[in-house]
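# Geometric and topological summary
These are the residues of each chain, in order.
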Amino acid sequence: QQQVKQSPQSLIVQKGGIPIINCAYENTAFDYFPWYQQFPGKGPALLIAIRPDVSEKKEGRFTISFNKSAKQFSLHIMDSQPGDSATYFCAARLSSARQLTFGSGTQLTVLP
Amino acid sequence: EADIYQTPRYLVIGTGKKITLECSQTMGHDKMYWYQQDPGMELHLIHYSYGVNSTEKGDLSSESTVSRIRTEHFPLTLESARPSHTSQYLCASSPGGTGDGYTFGSGTRLTVV
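Below is a summary of the structure that appears in this document. (Residues numbered from 1 in each chain as written. Chains lettered and ligands numbered in written order. Predicted model: local features only at pLDDT ≥ 70, side-chain atom pairs only at ≥ 80, totals over all residues. Heavy atoms only, no water.)

## So, the state of the cysteines
Residues and elements named next belong to chain B.
- Tallying each qualifying case throughout the model produces two disulfides over all chains.
- The side chain of Cys23 participates in a disulfide bridge whose partner is Cys91; the two sulfur atoms lie 1.9 Å from each other. In this structure, the disulfide formed by Cys23 and Cys91 twists by about -75 degrees around the S-S bond and is classed as left-handed. Of this pair, Cys23 sits in strand β3 (residues 19-25) while Cys91 sits in strand β9 (residues 87-94), and the two are 68 residues apart along the sequence. (Disulfide = S-S within 2.5 Å. Helix = DSSP H or I, 4+ residues; strand = E, 2+ residues; numbered from the N terminus.)

So, in structure tokens, the structure goes:
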């Protein structure tokens, strides 16, 4: 019940495309959903986060869409650039816990 | 600048050696974590701490041990390294409360030969 399922495992898009990474969860007690971006040789860095009381959040070219009834959330990258090539992790946190549960990661490649 | 530091960045060591991976943060965060990340990308929690003198094992069984004597310092020790310990080790911290994200270090790439 604490799992977060992430898909796809890898994704290749052309520059300017809109890659979409999806995550699904079962536990309705999750109350905080961050996305992390990891470049090779670096640790993951917080990219954007959302709470379940909103359906969408935008920060620059990055948008989280949240569907509470479907228990799904997704990351959209508008006008993707080669510099966005990285591994992306979704995560979720139980309201009663103090740890994040991470998805399995998506390796994104944006071709020039 | 507030940050989280891991040393060494890379370590190649022989089987049976004792090693300590260092992690320090300057943000005053109460919570700290160690993750193991293999080339398959998944992040596996191996240890965590919610404060000084508080440590717990994570979801992934690990032969390593940790200590938390000071808020800013959370070292991980392997008493006898084995090739199966070859991996990337990531340290993270968070401030507590609700809605707090993790800050990760750059990791230590450990190779045991």
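## What about the interface of chain A and chain B?
- At the junction of the two partners, chain A supplies 21 residues and chain B supplies 23 residues.
- Contact with chain B buries area across many residues of chain A, yet Arg98, Gln99 and Phe102 of chain A alone supply 31% of it, more than any other trio.
- Summed over the shared surface of chain A and chain B, the number is zero salt bridges.
- Elements represented by at least two residues in the side of chain A that touches chain B include exactly β4 (30-38), β9 (86-94), β10 (100-102) and β11 (106-111) of chain A.
- Its residues assigned to classes, the side of chain A that touches chain B comprises seven nonpolar, 10 polar and four charged. (Contact = heavy atoms within 4.5 Å. Buried area = accessible area lost by both parts, 1.4 Å probe. Salt bridge = Lys/Arg side-chain N within 4 Å of Asp/Glu carboxyl O. Nonpolar A, V, L, I, M, F, W, Y, C, P; charged D, E, K, R; others polar.)

## Observations regarding the nonpolar core
Residues and elements named next belong to chain A.
- Counting residues in hydrophobic clusters, the biggest one holds 25 residues, and the most contacted among them are Phe33, Trp35, Phe73, Leu75 and Tyr88.
- Elements represented by at least two residues in this core include exactly β2 (10-14), β3 (20-25), β4, β5 (45-50), β7 (62-67), β8 (72-77), β9 and β11.
- The element that contributes the greatest number of residues to this core is β9, accounting for five residues. (Core = buried A, V, L, I, M, F, W, Y, C linked by side-chain atoms within 4.5 Å. Buried < 20%, exposed > 50% of the residue type's maximum accessible area, 1.4 Å probe, protein only.)

## Examining the sheet that holds strand β6 (residues 56-59) of chain A
Residues and elements named next belong to chain A.
- Here we have five strands laid out as an open sheet, ordered β1-β3-β8-β7-β6, and antiparallel in their pairing. Across the chains shown, the open sheet's two edge strands, defined by having one partner strand only, are β1 (4-7) and β6. Here the strands of the sheet are splayed against their neighbours by 15 degrees on average, with no regard to which way each runs.
- In the sheet, β1 pairs with β3 via four bridges, with the strands oriented antiparallel. The partner of Lys5 across the bridge, within β3, is Ala24. (Pairing = 2+ DSSP bridges. Axes fitted to C-alpha atoms, helices over the stretch in contact; angles between N-to-C directions.)

## Details of the packing of aromatic side chains
- Scanning all chains against the criterion turns up 20 aromatic pairs over all chains.
- Measuring from ring centre to ring centre gives 6.2 Å for Tyr25 of chain A and Phe73 of chain A, while their planes differ by 55 degrees; the resulting arrangement is tilted. Residue Tyr25 of chain A is located in strand β3, and its partner Phe73 of chain A is located in strand β8; the two are separated by 48 residues in the primary sequence. Summarising the burial analysis for this pair, Tyr25 of chain A and Phe73 of chain A share the class buried.
- Judged by centre distance (5.8 Å) and plane angle (85 degrees), the rings of Tyr36 of chain A and Phe104 of chain B are edge-to-face. Here Tyr36 of chain A, found in strand β4, pairs with Phe104 of chain B, found in strand β10 (residues 103-104), and the two come from separate chains. Assigned by exposure class, Tyr36 of chain A and Phe104 of chain B land together as buried.
- Here the guanidinium or amino end of Arg68 of chain B rests over the ring plane of Phe74 of chain B, the centre of that ring lying 5.9 Å away. (Phe/Tyr/Trp six-rings, centres within 6.5 Å; stacked < 30°, edge-to-face > 60°. Lys NZ or Arg CZ within 6 Å of the ring centre and 35° of its normal.)

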